[in-house]
Amino acid sequence: MNSSTDITAQPTDAERFHHILQTQRAAYLRDGAPSLQAQRSDLARFKASLIARRGDIEEAINTDFGHRSRHETALESPDFCFGGAASI
C-alpha cells in the first residue's frame, strides 16, 4: 500500500504575527504616521465593523465564558470600547 499525503507546512501563529508586524513596520517606514483624518476614518470603520458583528461577538463571549448574560455583554461592547473615542 503506497499512500501519498500532500502535507503543506502551515505557518505558526508566531510566524504569522511576525509577518504582520513586518508588514506594518514597512508601511510605517514608507508612509510615516497616519494623519489624524486617516486615524479617525480607521476608528470609524473599526467601530462600524464591531457593530455589524455585534451578535457574533456576543455569541463568542457567551461561548467563552459560558452562559453569560447577553444584556451584560451588550452593556460592555462595542460602546464600552469606544466610550473614550467618541470625541475623536
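Residues numbered from 1 in each chain as written. Predicted model: local features only at pLDDT ≥ 70, side-chain atom pairs only at ≥ 80, totals over all residues. Heavy atoms only, no water.

## Let's talk about the overall build of the protein
- Counting its regular elements, the protein contains five helices and zero strands.
- Secondary structure elements in the protein, listed N-terminal to C-terminal, are α-α-α-α-α.
- Residues classed as buried in the protein amount to 10% of the 88 residues present.
- With an accessible surface of roughly 7600 Å², the protein has 57% of that area assigned to carbon and sulfur atoms. (Helix = DSSP H or I, 4+ residues; strand = E, 2+ residues; numbered from the N terminus. Buried < 20%, exposed > 50% of the residue type's maximum accessible area, 1.4 Å probe, protein only. Areas by Shrake-Rupley, 256 points an atom, 1.4 Å probe, with all protein chains shown as cover.)

## Considerations on helix 3 (residues 54-65)
- In this model helix 3 runs 16 Å from its N-terminal to its C-terminal C-alpha over 12 residues, within 8% of the 16 Å that 1.5 Å per residue would give.
- Note on helix 3: the residue one or two positions beyond its end, Gly 66, has a positive phi of about 75°. (Expected span 1.5 Å × (residues − 1).)

## Regarding the pattern of salt bridges
- In the structure shown here, the tally under the stated rule is four salt bridges.
- Between Asp 13 and Arg 16 there is a salt bridge, with the nearest N and O atoms lying 2.1 Å from each other. In this pair, Asp 13 and Arg 16 both sit in helix 1 (residues 13-31), three residues apart, roughly one turn of the helix.
- Accessibility expressed as a relative area gives 58% for Asp 13, which makes it exposed.
- Here Arg 16 falls in the partly exposed class, since its relative accessible area comes to 40%. (Salt bridge = Lys/Arg side-chain N within 4 Å of Asp/Glu carboxyl O.)

## Let's talk about the side chain of Glu 58
- Relative to the helices and strands, Glu 58 resides in helix 3.
- When residues no more than four places from it in sequence are discounted, the contact partners of Glu 58 are Arg 70, Thr 73 and Ala 74. (Contact = heavy atoms within 4.5 Å.)

## Thoughts on the confidence of the model for the protein
- Put simply, the protein has an average pLDDT of 82, and 77% of its residues get 70 or more.
- Predicted confidence in the protein is weakest over helix 5 (residues 79-82), with a mean pLDDT of 62, and strongest over helix 1, with 96. (pLDDT = per-residue confidence, 0-100.)

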